[in-house]
Amino acid sequence: MLLRTYTTYNHIEITKAKKLGDLINGETKTIWTDTNRTRSANMWAPEIHRIDDIWYMFYSSCNADLPCCDSCQTRVLKGCDAVGPSDCEYEHLADLVPPKGSQGQADGNFAFSI
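Here the structure is a predicted model, which means the values were calculated and not measured.

Colleague: Please explain the pattern of salt bridges as it appears in this structure.
Modeller: Opposite charge on two side chains allows them to pair when their charged atoms are near. Across all of its chains, the model carries five salt bridges by this definition. Notably, a salt bridge pairs K29 with E89, separated by 4.0 Å at the nearest N-O pair. One end of the pair, K29, is in strand 3 (residues 27–33); the other, E89, is in the loop between strand 6 (73–78) and strand 7 (91–96), with 60 residues separating them in the sequence. Using a relative accessible area of 66% as the deciding quantity, one classes E89 as exposed. For R75, the salt bridge goes to D95, with nearest N and O atoms at 3.1 Å. Within this pair, whereas R75 is found in strand 6, its partner D95 is found in strand 7, the two being separated by 20 residues in sequence.

Colleague: Even after reading the chapter, I still don't get unusual backbone geometry, so can you show me in this structure?
Modeller: In most cases, non-glycine residues show a negative phi, while peptide bonds are predominantly trans. Of note, N42 is a non-glycine position whose phi angle comes to about 50°, a positive value. With respect to the element layout, N42 can be found in strand 4 (residues 41–51). A positive phi angle is found at A45, which is not glycine, with a value near 60°. Structurally, A45 is set in strand 4. According to the relative accessible area criterion, A45 is partly exposed, its value standing at 37%.

Colleague: Just checking my understanding: could you explain the sheet that holds strand 1 (residues 2–7) for this structure?
Modeller: Strand pairing in a sheet is mediated by backbone hydrogen bonds. Such pairs are either parallel or antiparallel. Pairing is antiparallel in the open sheet, where three strands are placed in the order 1-2-3. Of all strands in the sheet, those bounded by a partner on one side alone are strand 1 and strand 3. Across the sheet, the mean angle from the axis of one strand to that of its neighbour is 20°, orientation sign disregarded. Pairing of strand 2 (residues 11–17) with strand 3 involves six bridges; the strand directions are antiparallel. For K16, the partnering residue across the bridge sits in strand 3 and is E27.

Colleague: Hey, could you run me through the state of the cysteines in this one?
Modeller: Defined simply, a disulfide is a covalent bond joining two cysteines at their sulfur atoms. The final tally for this structure, using the stated rule, is two disulfides. In this model, C62 is linked to C72 through a disulfide, with the two sulfur atoms separated by 1.8 Å. In this structure the cystine formed by C62 and C72 twists about its S-S bond by roughly 55°; its chirality is therefore right-handed. Separated by ten residues along the polypeptide, C62 in strand 5 (residues 54–62) and C72 in the loop between strand 5 and strand 6 bring together distant segments of the chain. Grouping residues by exposure puts C62 and C72 together as buried.

Colleague: Explain the environment of R37 to me, please; I cannot follow it from the model alone.
Modeller: Position of R37 among the secondary structure elements: in the loop between strand 3 and strand 4. Put simply, R37 and M1 are 36 residues apart on the chain and 34 Å apart in space, counted from C-alpha to C-alpha. For R37, the contacting residues outside a window of four places in its chain are C62, N63, A64 and D65.

The rules behind the values
- Residue positions within a chain follow its written sequence, with the count starting from 1.
- This being a predicted model, a pLDDT of at least 70 is required before a residue's local features are given, and a value of 80 or more before pairs of side-chain atoms are given or counted; all residues contribute to the totals for chains, interfaces and linings.
- Think of the side-chain values as coming from all heavy atoms in the structure, minus any hydrogens and water.
- Any carboxyl oxygen of Asp or Glu within 4 Å of a side-chain nitrogen of Lys or Arg constitutes a salt bridge here.
- Only DSSP runs of H or I with at least four residues qualify as helices, and only runs of E with at least two residues qualify as strands; both kinds are numbered from the N terminus onward.
- Exposure categories follow from relative accessible area, calculated using a 1.4 Å probe and restricted to protein chains: below 20% of the type maximum is buried, above 50% is exposed, and the middle band is partly exposed.
- The criterion for strand pairing is that DSSP finds at least two bridges linking the strands in question.
- Interaxial angles span 0 to 180 degrees and are taken between N-to-C directions of axes, which are lines fitted to C-alpha atoms, for helices over the stretch in contact.
- Throughout, disulfides are identified as pairs of cysteine sulfur atoms within 2.5 Å of each other.
- Whether two residues touch is decided by their heavy atoms; if any such pair falls within 4.5 Å, the residues are in contact.

Take a look at the structure:
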């Protein structure tokens, strides 16, 4: 099975197909739409990982109330232990933000992350 992840401004999709050429018309499922405005905009760069038999989605998103893309951070969704990641329901697990002083910029306190 082949998988393709896709993001729009406000959601993440997974498409699955048996052959590479079939991904364009494959079975597509929206796996995440966030209603929390502090992390619901400009979603992109999704990555799927299976860790200890649980599916996780790492991605970047921004605050919908701020200009793009001053508030982007890496986020983690937790899925389930199903055979494939598109068979899961996902929940927001965490924002991956380094501790103050280790974030970047000259003073070490800018947490922008994609």
